[in-house]
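Residues per chain are reported as follows:
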Amino acid sequence: MAEYIDIVLPTDQSEGTSNTVGKWFKSVGDRVDHNEPLLEITTDKVTVEIAAPVAGVLVEILKLQGESVEPGDVVGRISDEVAPSRSEAEAKRPISTHGSAPSAPATPQGDNELSPAVRRMLQEHGLDASHIKGTGRGGRITVQDVEAHRASTSRPAVQPSSRLVPHSPMRRSIAEHMLRSVATAPHVTAVFEADLSAVIKHRETHGKAFTYTAYFVRASVTALQAVPEVNSRWHDQGLELFADCNIGIGTALPAGGLIVPVLQKAQELDLVETARRLDDLTTRARADKLEPREVQGGTFTISNHGVSGSLLAAPVIINQPQSAILGIGKLEQRVKVNTAGAFEARPMVYVTLTIDHRALDGFQANAFLTRWVEAIERWT
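Parameters and conventions
- Residues numbered from 1 in each chain as written.
- Predicted model: local features only at pLDDT ≥ 70, side-chain atom pairs only at ≥ 80, totals over all residues.
- Heavy atoms only, no water.
- Helix = DSSP H or I, 4+ residues; strand = E, 2+ residues; numbered from the N terminus.
- Buried < 20%, exposed > 50% of the residue type's maximum accessible area, 1.4 Å probe, protein only.
- Contact = heavy atoms within 4.5 Å.
- Areas by Shrake-Rupley, 256 points an atom, 1.4 Å probe, with all protein chains shown as cover.
- Expected span 1.5 Å × (residues − 1).
- Arc of directions from axis to C-beta.
- Pairing = 2+ DSSP bridges.
- Phe/Tyr/Trp six-rings, centres within 6.5 Å; stacked < 30°, edge-to-face > 60°.
- Lys NZ or Arg CZ within 6 Å of the ring centre and 35° of its normal.
- Core = buried A, V, L, I, M, F, W, Y, C linked by side-chain atoms within 4.5 Å.

## Re the overall build of the protein chain
Here comes step 1: If you tally the helices and strands in the protein chain, you get 8 helices and 19 strands.
Here comes step 2: Relative to its 380 residues, the protein chain shows a buried fraction of 39%.
Here comes step 3: Taking as baseline every contact in the protein chain between residues at least 6 positions apart, the subset at least 24 positions apart corresponds to 63%.
Here comes step 4: Accessible area of the protein chain: about 21400 Å², with a carbon and sulfur share of 52%.

Now the structure itself:
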């Protein structure tokens, strides 16, 4: 007797992650090998392949492309026997219930079925009853139908030409997550500015081997350790403070969307190792090569939106239930007054800290940014 083995979505997904069935690599009736990739599962962070748990024949597909699934869901089944007949395989295919047969087209309404008021309006405006869709009982044309037809035909076309681009599963998930974040946490943003002269001098001394983001991460670690409440998670019964600084880096993807790879235990790294790991994570993120664990466990996030030209922004907390997100704007020369009272151009950036006001107040936000700016401006 044939044994049927379930194909189950793994349960090790991170909290808040949505999962959508992507492409199936096999069809019902196809033979599969043990650990052979069967389908893709797309999350709001990464794309994961689901492999065959055993060798056999794919006899049932329970979740089609585009359907939402949850960890632990059965997406299909494999039989350990030979391939079923075509009729058996077809019988096991899921039957789509979306849509219905189109209704029969309405037949033109005869003139003797029109009310006197409708006939009079048609004559007055020179209209043909066969061009008007009736909404009355039995499809009869009403006075309102005639008025609506006149309004639609007399109104000039003002709609611009357009095309609809379907949302990707990642974009849908980002939208849902951002809406949930705003609905959950009252967001407040503090704005500082920082002089990058010391950082620029240090970069030039080392042949520009380090990205600015690497310096921003090191300054964030210093500030998080000085103000540990920022490195936290809100719970109704209390504020959970994290010992590790697991810093997520918002990374734009070439095809659109955003992913946040996490630099684990950043407090244990120096500038060189920080730069090396950042380069590895962001490179693989843009190539869709990250593993699920590499986008999990973040306690704080940096959005370096200035790389795309933004001077100032107040990012929404990307990964609820983190308590804060740091935003860094575009580097530009600005005229400042020095200690001697003279004007001079300095390389400046605007820095924002958006906080969950349930967990933090302006005092902690300002203390964090003060320490962050000090670490950047006094870099040695």
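Back to the text.
## Side note on helix α4 (residues 169-184)
Here comes step 1: A rise of 1.5 Å per residue sets the reference length of α4, with its 16 residues, at 22 Å; its end C-alpha atoms lie 22 Å apart and thus fit the reference within 8%.
Here comes step 2: Residues Met170, Ser173, Ile174, His177 and Ser181 constitute the buried set of α4. The buried residues of α4 all sit within an arc of 100° when viewed along its axis, so they share a single face. Facing away from the buried surface of α4 by more than 90 degrees, the exposed residues are Leu179 and Ala183.
Here comes step 3: Residues of α4 that are buried sit in contact with β4 (37-43), β9 (187-195) and β14 (258-259).

## Thoughts on the pairing of strand β11 (residues 238-241)
The two faces of the sheet receive side chains in turn, since in a regular strand these alternate between them.
Here comes step 1: Inspection of the sheet shows strand β10 (residues 232-235) paired to β11 by 4 bridges, in the antiparallel sense. Looking at β11, one finds that Ser232 is bridged to Leu241.
Here comes step 2: Joining the antiparallel neighbours β10 and β11 is a turn of 2 residues.

## A closer look at helix α8 (residues 362-377)
Here comes step 1: Counted at 1.5 Å a residue, the expected span for α8 with its 16 residues is 22 Å, and the 22 Å between its end C-alpha atoms agrees.
Here comes step 2: Along α8, the positions that sit buried rather than exposed are Gln364, Ala365, Phe368, Leu369, Trp372, Val373, Ala375 and Ile376. One side of α8 carries all its buried residues, which in axial view fall inside an arc of 165°.
Here comes step 3: Residues of α8 that are buried sit in contact with β9, α5 (197-205), α6 (212-226), β16 (300-303), β17 (324-328) and β19 (343-356).

## Quick notes on the packing of aromatic side chains
Here comes step 1: With the rule as written, the count across this model stands at 5 aromatic pairs.
Here comes step 2: Geometrically, the ring pair formed by Phe216 and Trp372 is tilted, given 5.7 Å between the ring centres and 40° between the ring planes. Taken together, the residues Phe216 in helix α6 and Trp372 in helix α8 connect sequence positions 156 residues apart.
Here comes step 3: An aromatic cluster of at least three residues, connected via ring pairs, comprises Phe210, Tyr215 and Trp379.
Here comes step 4: Positioned over the ring face of Tyr212 is Arg203, at 4.3 Å from the centre of the ring.
Here comes step 5: Taking the ring centre of Tyr350 as reference, the NZ or CZ of Arg334 above it sits at 3.8 Å.

## Re the sheet that holds strand β8 (residues 74-79)
Here comes step 1: In space, the 4 strands of this open sheet follow the order β1-β8-β6-β3, with antiparallel pairing throughout. Two strands lie at the open edges of the sheet, namely β1 (4-8) and β3 (31-32), each paired on one side alone.
Here comes step 2: In terms of strand pairing, β1 meets β8 through 5 bridges, oriented antiparallel. Looking at the pairing, Tyr4 lines up with Ser79 of β8.

## Considering the nonpolar core
Here comes step 1: Membership of the largest hydrophobic core comes to 71 residues, with the highest contact counts inside it found for Ile247, Phe300, Leu326, Leu353, Phe368, Trp372 and Ile376.
Here comes step 2: At 8 residues, α6 tops the list of elements feeding residues into this core.
Here comes step 3: What Leu353 contacts, discounting residues up to four positions off in sequence, is Val188, Thr189, Ala190, Phe300, Ala324, Ile325, Leu326, Ala365, Phe368 and Leu369.
Here comes step 4: Counting residues in each nonpolar core, the second largest holds 8 residues, with Leu114, Val118, Ala129 and Val146 among its members.

## What to know about unusual backbone geometry
Here comes step 1: A cis amide bond links Gln320 with the next residue in sequence, Pro321, at an omega value of 10°.
Here comes step 2: Notably, Lys208 is not glycine yet its phi reads approximately 55°, a positive angle.
Here comes step 3: With respect to the element layout, Lys208 can be found in the loop between α5 and α6.
Here comes step 4: Judged by its relative accessible area of 53%, Lys208 falls in the exposed class.

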